[in-house]
Amino acid sequence: MPPTTITVDYLIIGAGATGMAFADVLVKESSHTMAIVDRNHAPGGHWTMSYPFVRLHGPSSVYGVHSRAMPSDSLGANLASGHEILDYYDRVMRETLLGSGRVTYLPMHNVDDVEPGRPATVRAHSLVNGTSTQIVVRKRVVDASYMNITVPAMRHLSYAVEDGVAILPVNQLVNLGGWAERFTVIGAGKTGLDACLWLLHHGVDPDRITWITPRDAWMINRDQEAPLSRFGELTKLLACNSVDDVISALEQMDLIIRHDPNVRPSAFRCATVSSAELVQLRKIEHVVRLGRVRRIDSAGVRLDEGSVQSPPGTVYIDCSADGLTQKPPKPVFEDSAITLQALVPCLLAPSAAIAGKLECLDLDDDSRNSLAPPVLNPSTPRDLLSFFGTRMERLHRWSGSPALFEWLLGSRLGSALSDLQQMTDQDNRAAVSLLASHLEDLLERDGVSS
């Protein structure tokens, strides 16, 4: 059966947070047509496979798309549930994107390699009925899958497990079907935090929980105001002479926190936590810091740096997926392609919306790329300086583009970048630039000495 052929201005590969944010801006800010191809059955990317009790780790008002608020936006720091997010993206797709009459949506489809050039030709194959659609792309192919956030349900275990060991992906934690003698949570990222908090919330005695944390991580204190609203306090960082000094100062300001006051974290992966949650997490005293899990058998757990015994009746909860991939940065705008990446650390959806706005402005690609250099996802404590410093640098950079900055001021996603209004003052812009440069200098100096 010959493939159906459609012709569009843009092809967007991926209907997750980045693809949806980009498409929304393109629909609202232009008259272009587009096709969105996604391998999942519904829009939302990794949210379609996340555990049932998942929530955002930040306010709803800084997530999603530019043109449509989430129901929980008005509730301040309320964290949207996974169910709300999926319903939100379904409505964005049906009412905003498909409702425009300019979007074709192909769920449950894979795409072949792109034939370069303009127009590009791409073939999408149904994962259900075997049919294919040939897509002729007049302008650009937008890769919204490059950063590819991974959750446990999307991967195989990275360690060996003996037959008969009770191990569950975190998605199945709500389906235990019976009482367990003991739980061992594997993973120290956002998912591991959520699993521990879920167990505690459901009355599991902290003494019955073991938490395997290969690397303690710094966490953003969710109770604190946006950093730039405390800019006078942040200027104290100018007196810091090393990366470690800055991290210590950020902790003293209560902007970052750690699980154990006696263990200095060796990672940072964008996770946030509230003071109330931290009180609960600190009730778990059985914390194993012996590196990554290599094998689980009837005797217990073997790790990089030792072993721990597990009593009979232990249920293991796997939360070990490394959600934020470390892909090498590449130009966002490049000939007939756009590769969506983080422009601000930890803020993929706002970054994609900004890329969409830049595509709609009357600029050449050199100018767009100058305004939108991508950043690596954070991994080490050093990246805390980029988390704060790069945000400041980008605010200064974008305040020099009136069309982009005015749009940011009016976008619901703009609040993710702290108090944008402060950047309308020339003195504030200069101070932000100075502090961002100081943090960058410290990172370069630390990189040379390490």
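It should be emphasised that the depicted structure is a prediction, and the values quoted were computed from it without experimental measurement.

Novice: Tell me about the state of the cysteines, residues and numbers included.
Specialist: According to the stated counting rule, one finds one disulfide in the structure shown. With no disulfide of its own, cysteine 319 has cysteine 196 as its nearest cysteine by sulfur position, at a separation of 7.3 Å.

Novice: Could you give an account of the environment of proline 119, with specific residues and numbers?
Specialist: In this fold, proline 119 is placed in the loop between strand S4 (109-111) and strand S5 (120-126). When the C-alpha atoms of proline 119 and isoleucine 135 are compared, they prove to be 9.8 Å apart, with 16 residues separating the residues in sequence.

Novice: Break down the sheet that holds strand S10 (residues 209-212) for me, with residues and values.
Specialist: With respect to topology, five strands assemble into an open sheet ordered S8-S18-S9-S10-S14, the strand pairing being parallel. With partners counted over all chains shown, the strands left at the sheet margins are strand S8 (167-169) and strand S14 (286-288), one partner each. Across the sheet, the axes of successive neighbouring strands diverge by a mean angle of 20°, strand direction being ignored. Bridge count between strand S9 (residues 182-186) and strand S18 (residues 314-318): five bridges; the pairing is parallel. Across the sheet, phenylalanine 183 pairs through a bridge with valine 315, a residue of S18.

Novice: So what about the sheet that holds strand S7 (residues 160-161)? Which residues, and what values?
Specialist: An order of S7-S15-S16-S17 is seen for the four strands of this open sheet, with the pairing classed as mixed. Of all strands in the sheet, those bounded by a partner on one side alone are S7 and strand S17 (306-309). Where strand S15 (residues 293-297) meets strand S16 (residues 300-303), four bridges bridge the pair, whose relative direction is antiparallel. Counterpart to isoleucine 296 in the pairing with S16 is valine 301.

Novice: Report on the nonpolar core, specifying residues and quantitative values.
Specialist: Within soluble globular proteins, side chains that are nonpolar generally end up buried alongside one another. Counting residues in hydrophobic clusters, the biggest one holds 80 residues, and the most contacted among them are Ile36, Tyr63, Tyr89, Leu97 and Ile317. Looking at which element gives the most residues to this core, the answer is helix H1 (residues 17-29), with eight residues. Formed by 25 residues, the second largest nonpolar core is a distinct cluster that contains Leu234, Met253, Leu384 and Phe388.

Novice: Give a description of the packing of H1 against helix H7 (residues 348-360) that names residues and reports values.
Specialist: At their nearest, the axes of H1 and H7 sit 8 Å apart, and the two run at 30° to each other. Of the two elements, H1 crosses H7, and the hand of that crossing is right-handed. Residue-level inspection shows Ala17, Thr18, Ala21, Phe22, Val25, Leu26 and Glu29 of H1 in contact with H7, the latter providing Leu348, Ala349, Ala352, Ala353, Ala355, Gly356, Lys357, Glu359 and Cys360. Taken together, the residues of the contact of H1 with H7 sort by class into eleven nonpolar, two polar and three charged.

Novice: Which residues make up unusual backbone geometry, and what values go with them?
Specialist: With the exception of glycine, the majority of residues adopt a negative phi angle, and the majority of peptide bonds are in the trans configuration. The phi dihedral of cysteine 270 falls on the positive side, at around 80°, and the residue is not glycine. Residue position: cysteine 270 is located in strand S13 (residues 267-273). A residue is classified by how much of its surface remains accessible, and cysteine 270, at 16% relative accessible area, is buried. Despite not being glycine, aspartate 335 shows a phi value in the positive range, around 55°. When you line up the elements, aspartate 335 lands in the loop between strand S19 (333-334) and strand S20 (337-339).

Parameters and conventions
Residues numbered from 1 in each chain as written. Predicted model: local features only at pLDDT ≥ 70, side-chain atom pairs only at ≥ 80, totals over all residues. Heavy atoms only, no water. Disulfide = S-S within 2.5 Å. Helix = DSSP H or I, 4+ residues; strand = E, 2+ residues; numbered from the N terminus. Pairing = 2+ DSSP bridges. Axes fitted to C-alpha atoms, helices over the stretch in contact; angles between N-to-C directions. Core = buried A, V, L, I, M, F, W, Y, C linked by side-chain atoms within 4.5 Å. Buried < 20%, exposed > 50% of the residue type's maximum accessible area, 1.4 Å probe, protein only. Left-handed = near helix turned anticlockwise from the far one by under 90°. Contact = heavy atoms within 4.5 Å. Nonpolar A, V, L, I, M, F, W, Y, C, P; charged D, E, K, R; others polar.

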